[in-house]
Each structure stands twice: as structure tokens, then as C-alpha cells.
Amino acid sequence: MLIAISDPDDLRIEAYRAVKERDLLGRQHRFIAEGEVVLRVLLRQSRFVVESLLLGEGRVEGLNDALHLLPPEVPVYVANRQVMDAIVGFPIHRGILAVARRPALLPVEALLAGLPGTALVVGLVGLANHDNVGGIFRNAAAFGADAVLLDQETCDPLYRKAIRVSVGGALVVPFARAPSADALVRALEDASFEVVALSPSGAENLSKVRPSRRTALLLGAEGPGLPPELLARTRTVSIPMSGGFDSLNVATTSGIALHHLTQGK
């Protein structure tokens, strides 16, 4: 249902107003998806309910096939570039936005219980950077990880920028949030996962690791890394680097480790 919008103050597009400010304040069980690739991924995910779209005039024709996936009652607002920029609060170069509802998150234990007998999970501890979280979800989707677990300090994977960086991976890979890093690891152990913790001080070389039937890859924030108490109770693994350099971007690290752990899967 195409609806032309000519007034930036039109109340029907309130959900899209001042996007960056509202990214920080929260959206009451909703999230914003941005860009064509992300929109196409979103429309294929049955667990998300799309409430509306806001498109630039020049983007409608190229999205006709995707728009047919929408229920007919979902409004598709269309505006020219100037009006759309005024609504959003900054130049929206991609000209494609959608508002969707967040599903209720399963408890960590329930998510793990629903995974197959052979499974690969990623655990994130203390990651506050949306680019890194988005990059990890992109890698998790690319290498077929079954789920991502987050502690309370890790940022929201359904934040607009995280979804964009993940190229929609944050919409594909199931995730759940544990009340603490300790609870996250405990839930993995209780579900018979071997927890492999990545750290520059890891005791084993990643190339020597063979994944268990159920393996969890644990990643910490750049700089502080994983807490010592978690490293003490898990299998610690490192990625050797040349010239004494001891730090990789955590999203890059996840890609290397997931590629290794999924070889022969």
C-alpha cells in the first residue's frame, strides 16, 4: 500500500523521525532496518513483523519484487529526497528504512535446549561496539553458527548500525541475553558445550583445536578481553601473530575462528 508523504511533520511517519536520536533512546520493542540488502533479509524472516516502510521515490521500482512479500495492509510511505532527509534528520543515502517489531527473546537455556545435537554457538562478553557486534553476527551467519549469546554488557544487535554492518546477519542468527558472563558460560556448560575462549594469552594454538560435538566460541571486548575468571574455567585458545603483535579486531578474530571450527562440518 503506497502512501505519498509530502510533509515531514506528517504524524503517520512518526516512527522514522530523528532516527539517530531515537536509536540512542530506544524504540519500545521496535527496531529500524536500513538499506536494500537488509530489507530483503528482513522480509524473509518470519519471526519479525514489519510495521511499515519509508522509501525514497527513486527506490520503489527496484523493490517491487520485495514489496510483494509484504502483507497488503502494511503501509509503504514514499517521499522525495528532501522530505525524507527532513524526517530522518540526516541525509539518508540508501533511501530505504523499515520499522519492525522485536520478538520476545527466549531465555538462554531455552534457546540452547532447542539447538541440534551438533551445534556451534558464539558467546559475546562485554562488547560495547556496534560495528564489532554487527561484524560478528555477519560472520556467524556466513559460517552457519546456530546462535549467539550475549551478556548484559554487550550492545544490542538490533541497533540500526549493528544490523547494517551485519548485512542482515543479526536478523538471521538467533540470539539470547544472559544476566551475566558467568551465567552465560554456566548455561553453555549445563547444555554440554565445550567453551573455547579466544585470548592472546590462550594456552593452545587455534590451528590445533578440533571442535567438539557442541562447541561455543567465547569472545571478549578489544583491550580488556575476557575476564580472568572466565579464562580460568574454559579452554583458552590464541591465534598466533607475527612480530610480537598480539591484537586482532574482535570481529576479524571471530571470522578466523569460525572458519576454522566449521571446516569439515
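Residues numbered from 1 in each chain as written. Predicted model: local features only at pLDDT ≥ 70, side-chain atom pairs only at ≥ 80, totals over all residues. Heavy atoms only, no water.

What follows concerns the nonpolar core. Ranked by internal contacts, the top residues of the largest apolar core, which has 54 residues, are Phe 31, Leu 42, Leu 53, Val 148 and Leu 171. Dropping the residues within four chain positions of it, Leu 171 is found in contact with Phe 31, Val 38, Val 41, Leu 42, Gln 45, Arg 47, Phe 48, Leu 158 and Ile 163. Counting residues in each nonpolar core, the second largest holds 25 residues, with Val 108, Ala 181, Ala 191 and Leu 230 among its members. (Core = buried A, V, L, I, M, F, W, Y, C linked by side-chain atoms within 4.5 Å. Buried < 20%, exposed > 50% of the residue type's maximum accessible area, 1.4 Å probe, protein only. Contact = heavy atoms within 4.5 Å.)

Moving on: the sheet that holds strand β2 (residues 30-34). One open sheet accounts for 5 strands, arranged β1-β4-β3-β5-β2; its pairing is mixed. Every other strand in the sheet has two partners, leaving β1 (2-4) and β2 as the edge strands with one partner each. Each neighbouring strand pair of the sheet contributes to a mean axis angle of 25 degrees, computed without reference to strand direction. Here β2 pairs with strand β5 (residues 96-101) via 5 bridges, running antiparallel. Residue Phe 31 lies in a different strand from β5, and its bridge partner there is Ala 100. Together, β2, β3 (49-56) and β5 form the strand contacts of helix α2 (residues 36-43), whose direction differs from that of β5 by roughly 30 degrees. Packed onto the sheet, helix α4 (residues 81-88) meets β3, β4 (76-79) and β5 and runs at close to 130 degrees relative to β3. (Pairing = 2+ DSSP bridges. Helix = DSSP H or I, 4+ residues; strand = E, 2+ residues; numbered from the N terminus. Axes fitted to C-alpha atoms, helices over the stretch in contact; angles between N-to-C directions.)

A few words on the environment of Gly 95. On the secondary structure map, Gly 95 appears in the loop between α4 and β5. On the basis of relative accessible area, Gly 95 is assigned to the buried category, the value being 6%. Remark: the alpha-carbon pair of Gly 95 and Arg 81, spanning 14 residues in sequence, is separated by 7.7 Å. Residues contacting Gly 95, with those up to four places away along its chain left out, are Leu 54, Leu 55, Gly 56, Arg 59 and Met 84.

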